[in-house]
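# Architecture and fold: a report
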Amino acid sequence: MKKSVLGILSISLFSCITQKELKTDYVVSKNETFDVTLKSNPTTGYSWKWIKDNASKTVDSVSSTYIQDKAAPGIVGVGGNEIWKFKGKETGFETLIFEYCRSWEPKSTIETKKISVKIK
C-alpha cells in the first residue's frame, strides 16, 4: 500500500511542469514572421480556425492561405495544407490554438492543435 501511494505521489510530482519546460514548437525574434502549416481538406467543409486570445499581445496573424496537394487533372476532393503566417509582436510565450471545424456548424470541431511559440 505504501509503495502504491509513493508511486502516485511521484507521478503527480513529476507530471507538474512549468511553462518554460513545455516543448516549444517555434522560437522567433520580435517582429519576425513564421508559418504554421496544417493538413486540411476544405472540400469536406472543414477548415482550421485560429482561436485568438484577445488578451494576448505577443503574436498576430498576418495571413492564411490554402495550397492543394498535387493531383491528376479531374480529381476532386484532394486535400492540401493551410498555411498560417504569424508575426511575433512582443517577447513572451504564446500557445496558438486551432480548431478543425465547419464554420457554419456549431460544435463541429473534430480536431484541435496547440502550437507553442516563444518570442525573444
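Nothing here was measured: the structure is a model prediction, and the numbers come from that model. (Residues numbered from 1 in each chain as written. Predicted model: local features only at pLDDT ≥ 70, side-chain atom pairs only at ≥ 80, totals over all residues. Heavy atoms only, no water.)

### Let's talk about the overall build of the protein chain
Scanning the protein chain from N- to C-terminus turns up 1 helix and 7 strands. Secondary structure of the protein chain in N-to-C order comes out as α-β-β-β-β-β-β-β. Per-residue burial for the protein chain yields a buried fraction of 27% across its 120 residues. Residue pairs in contact within the protein chain that sit at least 24 positions apart in sequence constitute 68% of those at least 6 positions apart. In the structure as shown, the protein chain presents an accessible area of about 8,500 Å², 57% of it carried by carbon and sulfur atoms. (Helix = DSSP H or I, 4+ residues; strand = E, 2+ residues; numbered from the N terminus. Buried < 20%, exposed > 50% of the residue type's maximum accessible area, 1.4 Å probe, protein only. Contact = heavy atoms within 4.5 Å. Areas by Shrake-Rupley, 256 points an atom, 1.4 Å probe, with all protein chains shown as cover.)

### Things to note about the packing of aromatic side chains
One pass over the full model with this rule turns up 8 aromatic pairs. Consider the rings of Tyr 26 and Phe 34, whose centres lie 5.1 Å apart with planes at 40°: the pair is tilted. A residue is classified by how much of its surface remains accessible, and Tyr 26, at 24% relative accessible area, is partly exposed. For Phe 34, a relative accessible area of 5% gives the class buried. Among the aromatic residues, ring-to-ring pairing joins Tyr 26, Phe 34, Trp 50, Trp 84, Phe 86 and Phe 98 into one connected group. (Phe/Tyr/Trp six-rings, centres within 6.5 Å; stacked < 30°, edge-to-face > 60°.)

### A few points about the pairing of strand E5 (residues 80-88)
Among the 9 residues in E5, 7 count as buried, and that is most of the element. As defined by bridge partners, strand E2 (residues 33-40) adjoins E5 across 8 bridges and the pair is classed as antiparallel. Residue pairing in the sheet places Lys 39 in a bridge with Asn 81 of E5. In terms of strand pairing, strand E4 (residues 59-68) meets E5 through 9 bridges, oriented antiparallel. (Pairing = 2+ DSSP bridges.)

### A short note on the side chain of Glu 94
Among the structural elements, Glu 94 can be located in strand E6 (residues 92-101). Comment: no salt bridge for buried Glu 94; closest opposite-charge side chain is Lys 52, at 9.1 Å. Polar contacts involving the side chain of Glu 94 include one to the side chain of Thr 58, which spans 2.5 Å. Among residues more than four places away in sequence, those in contact with Glu 94 are Ser 56, Thr 58, Val 59, Ile 115, Ser 116 and Val 117. (Lys, Arg positive; Asp, Glu negative; His and termini not counted. Salt bridge = Lys/Arg side-chain N within 4 Å of Asp/Glu carboxyl O. Polar contact = N/O pair within 3.5 Å; in protein donor to acceptor, adjacent residues only side chain to side chain.)

### Examining the confidence of the model for the protein chain
Residues with a pLDDT of 70 or more make up 81% of the protein chain, whose mean pLDDT is 84. Segment residues 1-22: pLDDT under 50, and 5 contacts once partners within four positions in sequence are set aside and those in other chains are kept. (pLDDT = per-residue confidence, 0-100.)

### Some words on the environment of Thr 65
Looking at where Thr 65 falls in the secondary structure, it is placed in strand E4. Accessibility expressed as a relative area gives 43% for Thr 65, which makes it partly exposed. Here Thr 65 is in contact with Asn 81, Glu 82 and Ile 83, once residues within four sequence places are set aside.

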